[in-house]
Amino acid sequence: MKAMIPLPALSPQGTAEALFRRNDRTARFGLTLTRAQCARLAASHAEVLRETGRVEVGESALPRLAEALCDSPYLAPETWEETLAEMTALFYRFKGLCRERLSDDALLAVLCGCFNGAAHGCTELLASLDAPTLLRLARTERGDGHA
Amino acid sequence: MPELMTVLTAAERQALCEQLAPLLAHRVALYTAHESSSVPVETARALLDGILLHLGLAGTSADSAVRVRAVLSADAAELLAQGERETRRAVLHAYARWQQLVRAQRGKGQRAAHRLPRAQKERRLAPPFLLC
């Protein structure tokens, strides 16, 4: 029976819909996503979860990530979808890397702090962060001074 | 015995997943203290196993499909709460029985100690450090 009942997970359609609704918060920074973009991001979000061996239930972190990131000075409407996809991948990779020791909110704060701070909007720089650094930044609430 | 998920229709499988999703979401929220919306697959599987156990869906049995259909036709959250109450009651009952057995065994041991030869009785009652 164990292997017979699959794990329930968020539907990509639900995630896409929640992300689309979040446009009303991000639009004031000139960042909006079309329904097609939201569907693509939801699909890549599901793929990232599968790759990182995680299951998400309840409310997805993707719309919250969009909202937390939207006031960054390093974002442009043309690259919004791409950046959000990269940040989603980093978010779930770091969740696993920190072995569940960082809450969603703490990790979002660190990611956004680093993105707007020392990484200057470069997701490749953010990708080089390791678990001890992330945990230290979360503890000291100083995401802007390190990347 | 055919696999459960193949016995169920596609609509039933879908309905089962829809019934289990909010229950699992609630368990994940409790497990992470509402701090994380995602958990590793192993953790989610363990949490789901707990739900299935209390719903009477753990293990394989011939009437599993019947049980799934019963769950689908009822309020799964209520069934889960009822299952948890029954498990708690069974655990408390087992614990009380275990304590009863320990007390009985201890009484029997004390009675038997009266019949032991003096040297053996002293050795038995002596603190361990005196026996070295």
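Residues numbered from 1 in each chain as written. Chains lettered and ligands numbered in written order. Predicted model: local features only at pLDDT ≥ 70, side-chain atom pairs only at ≥ 80, totals over all residues. Heavy atoms only, no water.

(A) Up close: the interface of chain A and chain B. Counting from both sides, the interface comprises 22 residues of chain A and, opposite them, 27 residues of chain B. Summed over both partners, the interface of chain A with chain B buries about 2,100 Å², with 68% contributed by carbon and sulfur atoms. The interface formed by chain A and chain B holds 0 salt bridges in total. Summed over the shared surface of chain A and chain B, the number is 9 residue pairs in polar contact (both at pLDDT 80 or more). Considering each element in turn, the side of chain A that touches chain B owes the most residues, 3 residues, to strand β1 (residues 54–56) of chain A. (Contact = heavy atoms within 4.5 Å. Buried area = accessible area lost by both parts, 1.4 Å probe. Salt bridge = Lys/Arg side-chain N within 4 Å of Asp/Glu carboxyl O. Polar contact = N/O pair within 3.5 Å; in protein donor to acceptor, adjacent residues only side chain to side chain. Helix = DSSP H or I, 4+ residues; strand = E, 2+ residues; numbered from the N terminus.)

(B) Expanded view of unusual backbone geometry. Even without being glycine, A:E100 reaches a positive phi, approximately 65°. Tracing the sequence through the fold places A:E100 in the loop between α5 (80–97) and α6 (104–116). On the basis of relative accessibility, which here comes to 36%, the residue A:E100 falls in the partly exposed class. Even without a glycine there, the phi angle at B:A33 is positive, about 55°. (Buried < 20%, exposed > 50% of the residue type's maximum accessible area, 1.4 Å probe, protein only.)

(C) A look at the packing of helix α2 (residues 10–31) of chain B against helix α3 (residues 41–54) of chain B. Residues and elements named next belong to chain B. With their axes 10 Å apart at the nearest point, α2 and α3 run at an angle of 120° to one another. One finds that α2 runs oblique with respect to α3. For the pair α2 and α3, the crossing hand works out as right-handed. Taking contact as the criterion, the partners of L20, L23, L24, R27, V28 and Y31 in α2 are, on α3, T43, A44, L47, L48, G50, I51, L52 and H54. The class makeup of the residues in the contact of α2 with α3 is 10 nonpolar, 3 polar and 1 charged. (Axes fitted to C-alpha atoms, helices over the stretch in contact; angles between N-to-C directions. Parallel < 35°, antiparallel > 145°, perpendicular 65-115°, else oblique. Left-handed = near helix turned anticlockwise from the far one by under 90°. Nonpolar A, V, L, I, M, F, W, Y, C, P; charged D, E, K, R; others polar.)

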